[in-house]
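Working through the structure, step by step
Here are the chains, one letter per residue:
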Amino acid sequence: MLKRLIDDHFKLAEHNTDVKTEVIAGITTFLTMAYIIFVNPSILSEAGMDAGAVFVATCLAAAVGSLIMGLWANYPIALAPGMGLNAFFTYGVVLGMGYTWEAALGAVFFSGLCFFLLSVFKVREWIVNSIPLSLRLGIAAGIGLFLAMIALKNAGIVVANPATYVALGDLSQPPAIYALLGFFVITALAYLRVTGAVMIGILGVTVLAMLLGHNEFGGLVSMPPSIAPTFMALDLAGALDVAMLSVIFAFLFVDLFDTSGTLIGVAHRGGLLDKDGKLPRLGRAMMADSGASMAGAVLGTSTTTSYIESTAGIVSGGRTGLTAVVVAVLFLISLFFAPLAGSIPAYATAGALLYVAVLMAGSLAHADWEDPTDAAPVLIAALAMPLTFSIAEGIALGFISYAAIKTLSGRFKDLNPAVIVLALLFVMKFLFLD
């Protein structure tokens, strides 16, 4: 009876799959993205948030998002707090701009709400199509470089220098050695197509550091920590500060394009697109993503988004939402491994951040370097993010440079109304709000 209900709901036969295949696919996807339960608390705790509460919020947000995606949209796509956006939350909004983490959570909630409304009123396609490909590539690469800078800084590989701004740190120190070792191992395992390469690298470095006396073992399992320190702690009023509008836009913009790219990429790999090359139930998938972001903000974590690591489950045969439901169940089980997550040092996650940066920076390969009016904005957006330590500033400078260069080059016709309006708004922000 249960098997029939599952088959009918997820349409397993229609997608030429079965329960066993979907379960294996779900486990595979989880193993490739489970590193977030270690990395996210590490990053958000630097913003002053309780690490234990963030750990619980991370697992719950991932479970909620994956369940909605699986049960309602019926796609084998898992969700969790996104890399890059969590770094922007901590280092850009809280530590960089001086806002409280409660106000930053409020900004995450409003960005999710805007995303949800755009999905309901079907405006998302117009926005996605309005933003030039070159800017999208530059922003993706910039987020990768931003993560790389954070990883190198956290490991002590790059340090501040009054004369040159940055300089090489002491590579003989344990944090630098462990971070580089983790990065080398993760990259090699990924090349060898080992499932869970990132998580293996993080746990391997952690265990090695414990054996050599550079880290302490805090335990393996326990009851989940209290989520009270972050639950419903978001400051909605504080997020409505005028200067926070660019932050809300940055969260929205990155999540919108990251989700769109992930959904189309994963669906293409799994043969889930229709005969016209479009994704059926796109609206449901988008609303699942935006709903998960709002839920995550209420629970106490940065933007929750669709994970490109879902491709691993697709390759393993996952074709329906049952794969995402399995991922959700595994994230709920992970709630009982808080002591292990608390034992993960920052240098163990630095190698993972650096590897994710490599993947994201790969978008630069698709830019049109023969056309300087496209190439220049790509480079400006990509470089501005790590150098200003802000995703929002990188997006703003990318739009302004794109509009200015195209106009001065006599190619004003390449600009659409959305780009012109956004470029002007960013100019006004720099002139009157900064």
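Predicted model only: the values in this text are computed from it and were never measured.

Reading the values: the criteria
Residues numbered from 1 in each chain as written. Predicted model: local features only at pLDDT ≥ 70, side-chain atom pairs only at ≥ 80, totals over all residues. Heavy atoms only, no water. Salt bridge = Lys/Arg side-chain N within 4 Å of Asp/Glu carboxyl O. Helix = DSSP H or I, 4+ residues; strand = E, 2+ residues; numbered from the N terminus. Buried < 20%, exposed > 50% of the residue type's maximum accessible area, 1.4 Å probe, protein only. Contact = heavy atoms within 4.5 Å. Polar contact = N/O pair within 3.5 Å; in protein donor to acceptor, adjacent residues only side chain to side chain. Expected span 1.5 Å × (residues − 1). Core = buried A, V, L, I, M, F, W, Y, C linked by side-chain atoms within 4.5 Å.

**With respect to the pattern of salt bridges**
Note on pairing: side chains with opposite charge can pair once their charged atoms come close. Under the definition given, this model contains 6 salt bridges. We note a salt bridge from E393 to K429, for which the minimum N-O separation is 3.5 Å. Separated by 36 residues along the polypeptide, E393 in helix α18 (residues 391–408) and K429 in helix α19 (residues 417–433) bring together distant segments of the chain. We classify K429 as buried; its relative accessible area is 10%. Overlapping salt bridges bring together D371, D374, K406, R411 and D414 as one network.

**Re the environment of R411**
The topology assignment puts R411 in the loop between α18 and α19. A relative accessible area of 26% places R411 in the partly exposed class. In sequence terms R411 and T373 are 38 residues apart; their C-alpha atoms lie 9.0 Å from each other. Setting aside chain neighbours within four positions, we find R411 in contact with D371, T373 and K406. Within the structure, R411 has its side chain in polar contact with the side chain of T373 (distance 3.0 Å). A polar side-chain atom of R411 sits 2.8 Å from a polar atom in the side chain of D414.

**A word on helix α6 (residues 101–120)**
In a regular helix each residue adds 1.5 Å, so 20 residues correspond to 28 Å; α6 covers 29 Å between its end C-alpha atoms and thus fits that length. Taken across its 20 residues, α6 has 14 buried, putting it largely inside the fold. Phi turns positive, to about 55°, at K122, one or two residues after α6.

**With respect to the nonpolar core**
In terms of nonpolar packing, the biggest core is built from 128 residues, with M83, F89, F331 and I395 touching the most fellow members. For this core, the leading source of residues is helix α11 (residues 245–269), giving 12 residues. Those residues in contact with M83, other than ones at most four positions away along the chain, are Y35, I36, V39, I43, L147, Y307, L353 and V356.

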